[in-house]
Amino acid sequence: MKIAALDLKKQIVPIRREIDEAIKEVIDNTSFVLGQGVARFEQHAVEYSGAKYAIGVSNGTDAIALCLLALGIKLGDGVICPTFTYYATAGAVASIGAEPVFADIDRDTYNISLASVEKILAKKKSKIKAIIPVHLYGQCADMDGVLKLARKYKLKVVEDTAQAFGAEYRGRKAGTIGDCGAISFYPGKNLGAFGDAGLILTNKKPLAEKLNILRNQGNKDKYYHIVLGRNNRLDTIQAVVLDVKLKYLDGWNRKRQEVAQYYNEKLEGPAIKIPFVPGYTTHIYHQYTLRLAGSNKGFMEYLQEKGIDSRVFYPVPLHLQKCFKYLGYKRGDFPEAESAARQIFTLPIYPEMTQEEKDYIVEQVRERVTNS
């Protein structure tokens, strides 16, 4: 049996007619960039998230960069982010000339470690101007703790919500708690476009106004450029696809949670650590991540041989990536992140998984554990 990490064809088939009609409307109107469909999706995103403002942008990486620019982060400013995340989090910081300052992660949640952050701030507080908590794998970081540190050290807060759009922190949607939230709609996300797309959420009107100008070449009125802006606009076709899919997001997330609960019940034991979900957050399982006491390498190779698409998110923490060598970090600087990279692995998870597929995955994982 072959089981992919994600099967987008199964997701699209039931809603194909709706999507085709939405795309046809854009083609007929020929309003391909920042068209009416973008404004409609932004309004629906506001209604869904509870944020006051939503700004459609080109992708999740640009969403982070735009947030930082709008918040006044400048060349050389330090921005704290976890080392255990996708490249885009720190890449966006570096792209505007700011300096990524890496922090370790919490061993249980894999989200940013507040103890690690506080140590950094005690040493570099004059340099640090912002913090990016990443809501990794689909559950929220400890935002109360993040905001407490932000108030103490006068930091701006950008939530990296790329993997957690729809998750909740104490009843509030992820991405609506800090100064702004950056969201990715890469096709593989729980809510995915048909290409690159992103969104920024904020409750601050002046910030929303700046973001609308920055994403569109610095324009407030066409051909009148009041700041040095960027070309980070959301394409209308992507917006209408997302608008169709948004209606189904909560249902898809519930089905992911059901798959995760099934895995939890069948796989929990001394040999494997199942996902830990703190009481302050829901988990929408963009990734379902397990942890071994030893190396993940042989375990994943076994699953791949059995046709199960198991992966590591992420095999090399950012402080050890070649592109960030100039920052001067070394192996051993962030032991929890390095340990997680060696020990975690994912199982396929998506709403349309069949019972046969789930049973097969559980059977193969159990067999490997038994024979290890």
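Residues numbered from 1 in each chain as written. Predicted model: local features only at pLDDT ≥ 70, side-chain atom pairs only at ≥ 80, totals over all residues. Heavy atoms only, no water.

As a further point, take the environment of Lys52. By the secondary structure assignment, Lys52 is in the loop between helix H3 (36-49) and strand E1 (53-57). Placed 37 residues apart in sequence, Lys52 and Thr89 show a C-alpha to C-alpha distance of 24 Å. Discounting chain neighbours no more than four positions away, the residues touching Lys52 are Val46, Thr202 and Asn203. (Helix = DSSP H or I, 4+ residues; strand = E, 2+ residues; numbered from the N terminus. Contact = heavy atoms within 4.5 Å.)

Below, the discussion takes up the sheet that holds strand E14 (residues 344-347). Through backbone hydrogen bonds, the strands of a sheet pair up, either in parallel or in antiparallel fashion. An order of E12-E13-E14 is seen for the 3 strands of this open sheet, with the pairing classed as antiparallel. In the strand order of this sheet, the two ends are held by strand E12 (272-273) and E14, each with one partner. Where helix H11 (residues 297-305) meets the sheet, it contacts E12, strand E13 (288-292) and E14, and its direction lies at approximately 20 degrees from that of E14. Against the sheet, helix H12 (residues 335-343) makes contact with E13 and E14, and its axis sits at roughly 95 degrees relative to E13, the strand it touches most. (Pairing = 2+ DSSP bridges. Axes fitted to C-alpha atoms, helices over the stretch in contact; angles between N-to-C directions.)

We now examine a nonpolar patch on the surface. A cluster of nonpolar side chains, Ile27, Phe32 and Val33, forms an exposed patch at the surface whose accessible area comes to about 260 Å². Within the fold, Phe32 resides in the loop between helix H2 (16-29) and H3. (Patch = residues over 30% accessible without salt bridge, like charges linked within 9 Å, V, L, I, M, F, W, Y side chains within 5 Å. Areas by Shrake-Rupley, 256 points an atom, 1.4 Å probe, with all protein chains shown as cover. Salt bridge = Lys/Arg side-chain N within 4 Å of Asp/Glu carboxyl O.)

One pass over the full model with this rule turns up 16 aromatic pairs. Residues Phe165 and Phe185 carry aromatic rings whose centres are separated by 5.7 Å and whose planes lie at 80 degrees to one another, so their mutual orientation is edge-to-face. Pair noted here: Phe165 is in the loop between strand E5 (156-160) and strand E6 (168-169) and Phe185 is in the loop between strand E8 (180-184) and strand E9 (198-202), with a separation of 20 residues, a long-range link. Both residues of the pair, Phe165 and Phe185, count as buried. (Phe/Tyr/Trp six-rings, centres within 6.5 Å; stacked < 30°, edge-to-face > 60°. Buried < 20%, exposed > 50% of the residue type's maximum accessible area, 1.4 Å probe, protein only.)

This part is about empty space enclosed by the protein. The full count for this structure, using the stated rule, is 2 cavities of 30 Å³ or more. The space that makes up the largest cavity amounts to roughly 60 Å³. Lining the largest cavity are Asp108, Thr109, Tyr110, Tyr137, Gln139, Pro275, Phe276, His283, Gln287, Tyr288 and Thr289. In the lining of the largest cavity, the residues fall into 5 nonpolar, 5 polar and 1 charged. (1 Å grid on protein atoms, 1.4 Å probe; cavity = no way out; pocket = protein on both sides within 12 Å on 5 of 7 lines; lining within 4 Å. Points joined across faces, edges and corners; volume = space filled by probe spheres on them. Nonpolar A, V, L, I, M, F, W, Y, C, P; charged D, E, K, R; others polar.)

Most of E9 sits out of view: 5 of its 5 residues are buried. Sheet topology places E8 next to E9; 4 bridges connect them, and they run antiparallel. Across the sheet, Ile183 pairs through a bridge with Leu199, a residue of E9.

In the structure shown here, the tally under the stated rule is 16 salt bridges. With its nearest N and O atoms 3.5 Å apart, the salt bridge here joins Glu357 to Lys10. One end of the pair, Glu357, is in helix H13 (residues 355-371); the other, Lys10, is in helix H1 (residues 8-12), with 347 residues separating them in the sequence. For Glu357, a relative accessible area of 10% puts it in the buried group. Under the relative-accessibility criterion, Lys10 is labelled partly exposed at 29%. The residue Arg40 makes a salt bridge to Asp243 at a minimum N-O spacing of 3.7 Å.

Once that is clear, we can look at the layout of surface pockets. Approximately 690 Å³ is the volume attributed to the largest pocket. If you go around the largest pocket, you meet 32 residues; those closest to its centre are Tyr186, Lys189, His286, Phe313 and Tyr314. The set of elements that each furnish at least two residues to the lining of the largest pocket consists of helix H4 (60-70), helix H5 (87-95), E8 and E14. Class assignment for the residues of the lining of the largest pocket results in 15 nonpolar, 11 polar and 6 charged. Of the volumes computed, that of the second largest pocket is approximately 250 Å³. Counting only elements with at least two residues in the lining of the second largest pocket, the list comes to helix H8 (205-214) and strand E10 (219-221). Looking at the lining of the second largest pocket residue by residue, the classes come out as 2 nonpolar, 4 polar and 5 charged.

Before going further, it helps to examine the sheet that holds E8. One open sheet holds the 7 strands; their spatial order is E1-E9-E8-E5-E4-E2-E3, and the pairing between them is mixed. The sheet is open, and its two edges are formed by E1 and strand E3 (99-103), each paired on a single side. For this sheet the average axis-to-axis angle between neighbouring strands, irrespective of direction, equals 30 degrees. Note: strand E2 (residues 78-82) against strand E4 (residues 128-131), 3 bridges, orientation parallel. By the bridge assignment, Ile80 is partnered in E4 with Ile131. On the sheet, H3 packs against E1 and E9 and is oriented at approximately 135 degrees with respect to E1.

Next up on the list: H5. Because each turn of an α-helix spans 3.6 residues, side chains separated by three or four positions end up pointing in the same direction. Those residues of H5 not exposed but buried are Ala88, Thr89, Ala90, Gly91, Ala92 and Val93. Contact partners of the buried residues in H5: H4, E2, E3 and E5. Immediately downstream of H5, the backbone of Gly97 shows phi near 90 degrees, a positive value.

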